[in-house]
Amino acid sequence: MALDQSKSNIPLLEVTNLKTHFPIRKGVFSRVSGHVYAVDGVTISMQDGETLGLVGESGSGKSTLGKSIMRLVEPTSGEIKISGTEITGLNKQDMFVHRRQVQMVFQDPYSSLNPRIPVGKIVAEALQIHGIATGKEAEDMVKDIFQRVGLRPSQMRNYANEFSGGQRQRIGIARALALNPKLIIADEPVSALDVSVQAQVINLFMDLQKEYGLSYFFIAHDLAVVAQICHRIAVMYLGKIVEIADRDELFKSPLHPYTRALLASIPIPNPEIRPAKDRVLQGDIPSPSNPPKGCRFHTRCPLVEEKCRIDTPEFKEVSPGHWAACHLT
Amino acid sequence: MTDTTHTQIPMPSDDSGYRSGWSLFAESSNKFLELKLNKFSFGLTMFLIVLAILAPWIAPFPYDVVDPARGLSAPGWPHLMGTDQAGRDIFSRVLYGAQTSLSIGLVTVLFGLVTGVSLGAISGYVGGWVDEVIMRLVEIFMSVPGIVMALALVSILGPSVPSIILALSIRRITQFSRVARGSVLSVKSQDYVTACHALGMSNARIVFAHVLPNCIGPIIVLASVLLGNVILTESTLSFLGMGIQEPTPSWGGMIAKGNEFLTFAPWISLFPGGFLFLTMIAFNLLGDGVRDHLDPRGGSVV
């Protein structure tokens, strides 16, 4: 295993050509009749202290990518390096040690907390199983973590059902923070919350980042949320990354027609301005078990040309730090 | 650790420590008994169990003394609940019958619960071929009518209490394992279980601390329903001559024997039937109460 060499050169997270396919089984003998290509060749990297946003429609494979990085689902092929250590081949013990570095915050604050355990114990359990602290010591640490995420220590003994959605999400964040990770994978952490509460939780994420130098892999489908918190944004469509750029660059000059369609879908608070018709996406995302040939977006692309139907566009750097996969750029 | 299943009393104190042990248990039980319905079902259950234990001291007559001269006498004095065709005192037989029926019922359900829930939990949690094998086995056992299976087993092993318990358990094992498997399947896909995996928790800990405690609701309800069911099935066995053997009384056996005299001496079946009815009511209500009590989400107030 490679240890930290010079910290700045090694990306915190480096995903190379990652594929996660799920077999579709049929019949009595569970014959494999096809695959769902949920993540199909993703390459991205992240630096320390960075927030990378990942946006895309439902069914584009965002959550599967996040879970693959956590190895909550086993990737089919490809590499995942965290601080230079390849984790796809690690056995259970090595992976256990490794889990301290990467933790996850879930989308649904209602199903992400065990309803039968006091919330303080949920967080303390993380400390216990990793041998960080037990008993009174763990309790004190949990108290501290609770304060950091904006909860009262007296709330530790309450059960999840006694909290609001936003508070539950804070508890979920506390559980992730307990192991003092470098990277937090946040799987649509605010999309189940009220708008006013969303802002509070996003602010909490940003405060914690400032305080502890955390990095976030922030999955979302709401561009307004992503714009607020992310340094860089990746756009995913049908298992592939179609565009990556710095936030401002992406909003100012989106290259991929899909990115433009997503940006056009942000409501404008002025009824006089109507989005251009051709910018609005028609139809549904195709099935990831049978993705279109050529460019995967060609079935819905307003600018589609003949070669889009045949050739798969290369993912290339169009300007420094701005990558896109489209024949027309 | 995980001693938190019945500790959901949020105290308005600022002390964030968790108390444990007896004080919590006592407080929790007091809270349980605050509900009138729980008080009733708990009281009735205890009453029946105490009756069964104290049978030798309460019963005015031995359960097996035959006195044909007093046969089929109606309820009155000295036979509070009358006598059967052989002149045996029904009241005494009901008390002794409580011993057999309650112990067969409780032991069978407990054995079925432990075995069935273990099988079902393994099946649901591990999945894959393990699930296939266990569930196909369960289906094979379910495809044979329960009473036929029980008859076959008792005729092989002989009609003793342990073999009757074993014979009655097999059916319960399949029932518990299916219910447990279903609950485990639904709980294991919850995000809080995924979060446990993300923390790197061991599977044993996930199952015992996070999955099973969230599956107990339907299991408790099934247990309380099956208890009455088992006592009745034992009566069918008795009726077919494969149950508890005369003269030892069991409620089921007494109800079955009283059938012939139902038109002119209904008390022979009526009194053990009434006790069976009370037992089922008591355990069903107690089961519901315990389920709601263990659920920190509040639950219903009936």
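The paragraphs below set out a description of the structure included in this document. Remember, it's a predicted structure, so these values are computed and weren't measured experimentally.

Topic: the overall build of chain B
Part 1 of the argument: Tallying secondary structure elements over chain B gives twelve helices and zero strands in all.
Part 2 of the argument: Counting from the amino terminus, helix and strand elements in chain B follow one another as α-α-α-α-α-α-α-α-α-α-α-α.
Part 3 of the argument: With the principal axes as the frame, chain B shows a C-alpha extent of 75 × 50 × 30 Å.
Part 4 of the argument: Burial status across chain B gives 42% buried among its 302 residues.
Part 5 of the argument: Considering only contacts within chain B whose residues lie at least 6 apart along the sequence, 67% involve residues at least 24 apart.

Here we look at helix H7 (residues 161–188) of chain B
Part 1 of the argument: Its 28 residues place the ends of H7(B) 38 Å apart at the C-alpha level, agreeing with the 40 Å of an ideal helix rising 1.5 Å per residue.
Part 2 of the argument: Judged by how many residues are buried, H7(B) sits mostly within the fold: 20 of 28 residues are covered.

Section: the packing of helix H3 (residues 119–129) of chain A against helix H5 (residues 165–177) of chain A
Residue and element names in this part refer to chain A.
Part 1 of the argument: Contact pair H3 / H5: the axes reach a minimum separation of 8 Å and the direction vectors enclose 20 degrees. It follows that H3 is roughly parallel to H5 by the angle criterion. Like other packed secondary-structure pairs, H3 and H5 cross with a definite hand, here right-handed. The segment H3 lies against H5, with Val119, Ile122, Val123 and Ala126 engaging Ile171, Ala174 and Arg175.
Part 2 of the argument: Among the residues forming the contact of H3 with H5, the class breakdown is six nonpolar, no polar and one charged.

Points about the interface of chain B and chain A
Part 1 of the argument: Listed by partner, the interface residues are 23 residues for chain B and 32 residues for chain A.
Part 2 of the argument: The biggest single contributor to the side of chain B that touches chain A is helix H8 (residues 191–199) of chain B, with seven residues.
Part 3 of the argument: Within the side of chain B that touches chain A, the residues separate by chemical class into nine nonpolar, eleven polar and three charged.

What about the pairing of strand S1 (residues 13–26) of chain A?
Residues and elements named next belong to chain A.
Part 1 of the argument: Direction of pairing for S1 relative to strand S2 (residues 31–46): antiparallel, over a ladder of twelve bridges. Note that in S2 the partner of Leu13 across the bridge is Met46.
Part 2 of the argument: Hairpin connection between S1 and S2: a loop of four residues separates the two successive antiparallel strands, and Gly27 in this loop has a positive phi of roughly 80 degrees.

Comments concerning the sheet that holds strand S8 (residues 215–220) of chain A
Residue and element names in this part refer to chain A.
Part 1 of the argument: Taken in spatial order, the eight strands make up an open sheet running S6-S7-S8-S3-S9-S10-S12-S11, and their pairing is mixed. At either margin of the open sheet sits one strand with a lone partner, and together these are strand S6 (102–105) and strand S11 (316–319). In this sheet, neighbouring strand axes are inclined to one another by 25 degrees on average, regardless of whether the strands run parallel or antiparallel.
Part 2 of the argument: Of the pairings in the sheet, the one linking strand S9 (residues 232–237) to strand S10 (residues 240–246) comprises six bridges and is antiparallel in character. The partner of Met236 across the bridge, within S10, is Ile241.
Part 3 of the argument: Of the strands in this sheet, S6 and strand S7 (183–187) are in contact with H5, which crosses S6 at around 170 degrees.
Part 4 of the argument: Set on the sheet, helix H9 (residues 257–264) makes contact with strand S3 (51–55), S9 and S10; between it and S9 the angle comes to about 105 degrees.

Conventions and cut-offs
- The residue count restarts for each chain, going from 1 along the sequence in the order it is written.
- All chains are assigned letters beginning at A, and all ligands numbers beginning at 1, according to the order in which they are written.
- Totals for whole chains, interfaces and linings use every residue, but because this is a predicted model, local features are given only for residues with pLDDT of at least 70 and side-chain atom pairs only at 80 or more, for both listing and counting.
- The secondary structure listing takes helices from DSSP runs of H or I that are at least 4 residues long and strands from runs of E that are at least 2 residues long, numbered from the N terminus.
- Every C-beta atom is placed from the backbone, and the number of other C-beta atoms within 10 Å of a residue's own sets its class: buried at 20 or more, exposed at 12 or fewer, partly exposed in between.
- By the convention adopted here, residues make contact when the C-beta atoms placed from their backbones lie within 7 Å.
- To estimate the expected span of a helix, count its residues, drop one, and scale the result by 1.5 Å.
- To obtain each axis, a line is fitted to C-alpha atoms, and for helices this fit is confined to the stretch in contact; angles are then taken between N-to-C directions over 0 to 180 degrees.
- With respect to orientation, any angle under 35 degrees is reported as roughly parallel, any angle over 145 as roughly antiparallel, any angle of 65 to 115 as roughly perpendicular, and every other angle as oblique.
- Two helices cross in a left-handed way if the nearer one is turned anticlockwise from the farther one by less than a right angle. They cross in a right-handed way if the turn is clockwise.
- Gly falls in the polar group here, along with every residue not listed as nonpolar (Ala, Val, Leu, Ile, Met, Phe, Trp, Tyr, Cys, Pro) or charged (Asp, Glu, Lys, Arg).
- A pair of strands counts as paired when DSSP detects no fewer than two bridges linking them.

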